[in-house]
Amino acid sequence: MHSLQHMNWTHEETKRVARASLTALAVCVPSLIWQNIPTRDSSLYALLSLEFSSGNFENAFSPDLSPLLTTVGGSINYFVGHPFLANQIASVLLFLPGVPGTYLLARELRGAKVAWLASILYAVCPYTIELATSGGVDSGKLALLPWLAWAALKWCRSERLIWGLWLGLIGGLLSYSRGEGLLFSVSALVVCAASWVYSRYTSRNIRPIVRPLTSFLAASVTMALVISPWLWFEQRQTGYLVTHPSQIRIHQLLDGVKGSLIREASASSLDETTGGGTASGIQAVVQQQSEDLYRDVPWLKNIEKSVKGLYMPYLLLVVLAVVRHFTGAASLSGKDFFPFIFIGLNFAIFFPTNICAARYFQPLIPLHLHLTALGFIAVGDILSNRMHFSPKRIQCLAIVSCVVLALLAQKECDTFKSKKKIGEARALQQMGQWISDNRQKFPFYGTLSNSRAFHNGRFPVILAPDFRICYYALSDCVIFPRDHDLPPEWIVDLCVQNKVSLIFYTNLIKEVNPKFDAYWPTDPAFRPIAVASDHLASKYGFRILMFDREKAGGVALEP
């Protein structure tokens, strides 16, 4: 309650945030009713939630997959009995706290009027609604990032203990929501510490160190306590103290630098020179790590994906707000770009990689909504000054714009999907149900234990391009490797080692590995089996192959 008082809510602001939250909920509801086709990612998280709700906690978590959505979605699935719908409801519940978070951040930066508009833009944005209703993992990051930026901004200004506690708590929750959340939280702590150092040495008055140091320690300890269970789980699974296996690269880089230091120190002790070899050794290690990171990065596609993820119409409004600043029509200050620290960090994590996707940038949208709102207001000013629109007409246009955005947010509903996509989902569902009903007819080679690659211990194990067929079949899955150069015999050995019983053969597999497409009809280990929905499956290029490991040849897999 004490912390809520520091938010300085007024009765009018409470009503505004409540209206914006109800608007967000109303925009999400149609997708909960009419969006019944899980995506590749959401089908995986639906399997996780199913294991959680079944009490199979050992197989409900994986070091590569964030636990927050699984925990909330699995708890809901215990009552609703529909994993994908449960995850959608969980995503919406994780999305809604972003409304007050966006409001508080925008109010801290630009005042109550802009904050009200920013919260509405958050509630109707098609890309925030897409995350909120997809049943995927990013809605938690979407909602928590504005809270983290707001708490960091408040800490930089007051250094009070309460903001340190807020920062640690939000940072810990963000680490459960997304694997890279820890990096955002640590960067917030670094920014706060840098702010204090800068203020201390630029101010004429020597500021006391006790209060900011206590607050900083409180933030660090709180965050460490919150994430300690997940750190323990990751350490047990991967051998490293991380919140996501991608952070192992940091450990490997440090290990490489340490090894370089030891080698150079040994060399310098033998050769009594001090020619700076240690620095060159470290540089070589860092250069090798950079080359590994930047190899085969599709830079132009990454630009397109990042701009798309930040939502182009909103970005244009941000640009308009910045242009008006330079033309003197409006003014911005340095604090308006404070949230861009976190946007920049997200770019540093995902942009220079070949796994960059638009959804990695969609959670950043709340961090620029205060500038988007300024651009929105600027459009109204331009219309009133140059086209002589009355204030009432401008208000009507603003409402119409929000309604159009809310309608665009329903694009993922089944009603607006193509017949091909609906038919493909129906064929997947029927084939999955057939596999589930006939699972005892397939050969059993054992179950897979949960490890770095998620496995739920179910049977049969299906080799498939993604988890969708396994969601419908309630089975386990091994992902087909997307490598054109893999020899067919290697895939045979992959099936043997991973106890694969069935292969869900699709046109995608044909495109990914045409060699295997020509190989499998000649190998007696693979036998096509007829399913009840063959007429529908063949229309979309689906086929089920049964794998008989007793007849398999194959070659040894490289370790």
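None of these values were measured; they are calculated from a predicted model.

A. Region of interest: the packing of aromatic side chains. Applying the stated criterion across every chain yields a total of 29 aromatic pairs. Between Tyr-505 and Phe-516 the ring centres are 6.1 Å apart and the planes differ by 50°, which places this aromatic pair in the tilted class. Here Phe-516 lies in helix α24 (residues 514-519) and Tyr-505 lies in strand β3 (residues 502-505), a separation of 11 residues in the sequence. Judged by its relative accessible area of 1%, Tyr-505 falls in the buried class. One aromatic cluster in this structure is built from Phe-480, Tyr-505, Phe-516, Tyr-519, Trp-520, Phe-526 and Phe-547.

B. Spotlight on unusual backbone geometry. Of the consecutive residues Phe-459 and Pro-460, the connecting peptide bond is found in the cis state with omega at 0°. Looking at the element boundaries, Pro-460 is found in the loop between α20 (419-437) and β1 (461-464). Residues other than glycine seldom take positive phi values, yet Tyr-311 does so here, at roughly 70°. Mapped onto the secondary structure, Tyr-311 falls in the loop between α15 (299-309) and α16 (312-327). Notably, Lys-499 is not glycine yet its phi reads approximately 60°, a positive angle. On the secondary structure map, Lys-499 appears in the loop between α22 (488-497) and β3.

C. Fine view of the sheet that holds strand β4 (residues 526-529). Strand order across the open sheet formed by five strands is β2-β1-β3-β5-β4, with mixed pairing between neighbours. Of all the strands in the sheet, the pair left with one neighbour each is β2 (476-479) and β4. Recorded for the sheet is a direction-independent mean angle of 30° between the axes of neighbouring strands. Relative to β3, β1 is paired through two bridges, and the arrangement is parallel. Bridge pairing in β3 links Ile-462 to Leu-502.

Conventions used here
- Residues numbered from 1 in each chain as written.
- Predicted model: local features only at pLDDT ≥ 70, side-chain atom pairs only at ≥ 80, totals over all residues.
- Heavy atoms only, no water.
- Phe/Tyr/Trp six-rings, centres within 6.5 Å; stacked < 30°, edge-to-face > 60°.
- Helix = DSSP H or I, 4+ residues; strand = E, 2+ residues; numbered from the N terminus.
- Buried < 20%, exposed > 50% of the residue type's maximum accessible area, 1.4 Å probe, protein only.
- Pairing = 2+ DSSP bridges.
- Axes fitted to C-alpha atoms, helices over the stretch in contact; angles between N-to-C directions.

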